[in-house]
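Observations on the model geometry
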Amino acid sequence: AAEQTNKTFGVVLAIDTSKSMQGAALDGAMSAARAFAAQRKPNQRLGVILFDREIRTLLPLTTNQASIDAALATSPATLGGTRMYDGVAGALQLLKNAKVDAGAVVLLSDGADTASRILPAALIGQASAAHARLYAVGLRSRRFEAGPLRALATSGGGDYSEATSPADLARIYDSLGAQLANQYVLRYRSLAGPGQRVDVQVRITGVEGIAVSGYETPKLTLAPTPAFHPSFSFRFWQSALAMLGASLLSAALVGGALMVLLRPRRRSLRSRMAEFVSIYLPERREKSSPLPEKVF
């Protein structure tokens, strides 16, 4: 039996605030973020991360509508540099710290990464650990590269969308907001062992069709046993020389014990001579006490 809940679902918007986004592009991005927030369910958490040469948290994950409106009301300042992958890592960290059951990161950028410290391949493992999917929105500009954004979304289990102008962003974010606002977390117990492929089918009463998904159960992480290096004493006692020495010592001990047990006991000189001659032994006389004198 599965239990459904959307109380622990969160979304973080990662917005590019590099110099190339200054002006209409960033204003359109913030307007799109407000359209996304308008689709949010009351119990869905929302956060915002800004990235350029720095990574800044504009809005921690929250369900407070007043805090969300205040954070998205104006366009933030821009700086040089584009640490796009580090921005996604910061968004994933927000989800992990909030301990959400499931989440999503929606990345918006108009260019390629220029100064991130983290590699894109590492983000996939972080997304899996945070139970999050990665969505990417590309805004066309002179420095625009769709490849990294599309690859990130594909590897992260999400979708890639592309806007030809800042005005398109509101439509895309509105659609993403509606899609993510209607997601649910399904919990169930499985008896599958570690490292096994599991196929899942979900049926909803009143809805036609079957949703199909799958996953692989985590593998057991066992610490390898260190290699055994026998000591000198261990090698000596296992050698043929030690076995031969032990055998000779045992034989000597057994032989000595037999000699002690079988050796005749010593007899006195008198007892040995008695076997050949008769020895006169004087009788012991008892001393008689003198008779008392009789007095007449």
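This text goes with the structure placed above it.
Okay, so let's go over this structure. Just so you know, these numbers come straight off a predicted model, no measurement behind them. (Residues numbered from 1 in each chain as written. Predicted model: local features only at pLDDT ≥ 70, side-chain atom pairs only at ≥ 80, totals over all residues. Heavy atoms only, no water.)

**Observations regarding the overall build of the chain**
A tally of helices and strands in the chain yields nine helices and ten strands. Across the 296 residues of the chain, 33% fall into the buried class. Residue pairs at least 24 apart in sequence account for 72% of intrachain contacts in the chain once pairs closer than 6 positions are excluded. Approximately 19,900 Å² of the chain is accessible, and the part contributed by carbon and sulfur atoms is 57%. (Helix = DSSP H or I, 4+ residues; strand = E, 2+ residues; numbered from the N terminus. Buried < 20%, exposed > 50% of the residue type's maximum accessible area, 1.4 Å probe, protein only. Contact = heavy atoms within 4.5 Å. Areas by Shrake-Rupley, 256 points an atom, 1.4 Å probe, with all protein chains shown as cover.)

**A short note on the pattern of salt bridges**
Taken as a whole and judged by the stated rule, the model has four salt bridges. Between aspartate 52 and arginine 56 there is a salt bridge, with its nearest N and O atoms 3.0 Å apart. When its relative accessible area of 24% is taken as the criterion, arginine 56 is described as partly exposed. As a salt-bridge pair, aspartate 199 and arginine 197 come within 3.5 Å of each other at their nearest N and O atoms. No difference in accessibility class separates aspartate 199 from arginine 197, as the two residues are exposed. (Salt bridge = Lys/Arg side-chain N within 4 Å of Asp/Glu carboxyl O.)

**Some words on the side chain of aspartate 52**
Note that aspartate 52 resides in the loop between strand E3 (45-51) and strand E4 (55-62). Engagement of the side chain of aspartate 52 in a polar contact is seen with the side chain of threonine 17, the distance being 2.7 Å. With near-sequence residues (within four places) excluded, aspartate 52 lies in contact with Thr17, Ser18, Ala77, Thr78, Leu79, Gly80, Gly81, Thr82 and Arg83. (Polar contact = N/O pair within 3.5 Å; in protein donor to acceptor, adjacent residues only side chain to side chain.)

**Section: the sheet that holds E3**
Taken in spatial order, the six strands line up as E4-E3-E2-E5-E6-E7 in an open sheet, and their pairing is mixed. Each edge of the open sheet is held by one strand with a lone partner, namely E4 and strand E7 (157-163). Taken pair by pair, the neighbouring strands of this sheet meet at an average axis angle of 15°, ignoring direction. Packing against the sheet, helix H1 (residues 24-38) makes contact with strand E2 (9-16), E3, E4, strand E5 (102-109) and strand E6 (132-139), and its axis sits at approximately 170° to E2. Lying over the sheet, helix H6 (residues 166-181) contacts E2, E5, E6 and E7, oriented at roughly 165° with respect to E6. (Pairing = 2+ DSSP bridges. Axes fitted to C-alpha atoms, helices over the stretch in contact; angles between N-to-C directions.)

**Here we look at the packing of aromatic side chains**
Under the definition given, this model contains one aromatic pair. Ring centres of phenylalanine 36 and tyrosine 173 lie 6.2 Å apart, and the angle between their planes is 70°; this geometry places the pair in the edge-to-face category. Of the two residues, phenylalanine 36 sits in helix H1 while tyrosine 173 sits in helix H6, which places them 137 residues apart along the sequence. Tyrosine 173 carries the same exposure label as phenylalanine 36, and that label is buried. (Phe/Tyr/Trp six-rings, centres within 6.5 Å; stacked < 30°, edge-to-face > 60°.)

**Side note on the pairing of E7**
Of the pairings in the sheet, the one linking E6 to E7 comprises five bridges and is parallel in character. By the bridge assignment, leucine 139 is partnered in E7 with alanine 163. Once the chain exits E6 it traverses helix H5 (residues 146-155) before rejoining the sheet at E7, and the crossover so formed is right-handed. (Right-handed = clockwise from strand over helix to strand, strands pointing away.)

**Some points on the packing of H1 against H6**
Interhelical geometry of H1 versus H6 gives an angle of 25° and a closest axis separation of 8 Å. The angle between the axes of H1 and H6 places the two elements in the roughly parallel class. In this structure, H1 meets H6 at a crossing whose hand is right-handed. Contacts from Ala24, Ala25, Gly28, Ala29, Ala32, Ala33, Ala35 and Phe36 of H1 reach H6 at Pro166, Leu169, Ala170, Tyr173, Asp174, Leu176, Gly177 and Leu180. (Parallel < 35°, antiparallel > 145°, perpendicular 65-115°, else oblique. Left-handed = near helix turned anticlockwise from the far one by under 90°.)

**A few points about H5**
Of the positions making up H5, those classed as buried are Ala146, Leu149, Leu152 and Ala153. Along the long axis of H5, the arc covered by the buried residues comes to 140°, so they all point the same way. Buried positions along H5 lie against helix H3 (84-98), E5, helix H4 (120-129), E6 and E7. (Arc of directions from axis to C-beta.)

**Focus: the side chain of arginine 40**
Of note, arginine 40 is situated in the loop between H1 and E3. Despite its burial, arginine 40 pairs with no opposite charge; the closest candidate is aspartate 69, at 7.3 Å N-O. There is a polar contact of 3.3 Å between the side chain of arginine 40 and the backbone oxygen of proline 42. Here the side chain of arginine 40 touches glutamine 44 through a polar contact of 2.8 Å, landing on its backbone oxygen. In contact with arginine 40, other than residues within four places in its own chain, are Leu46, Thr63, Gln65 and Ile68. (Lys, Arg positive; Asp, Glu negative; His and termini not counted.)

Purely geometric stuff here, so don't read any function into it on its own.
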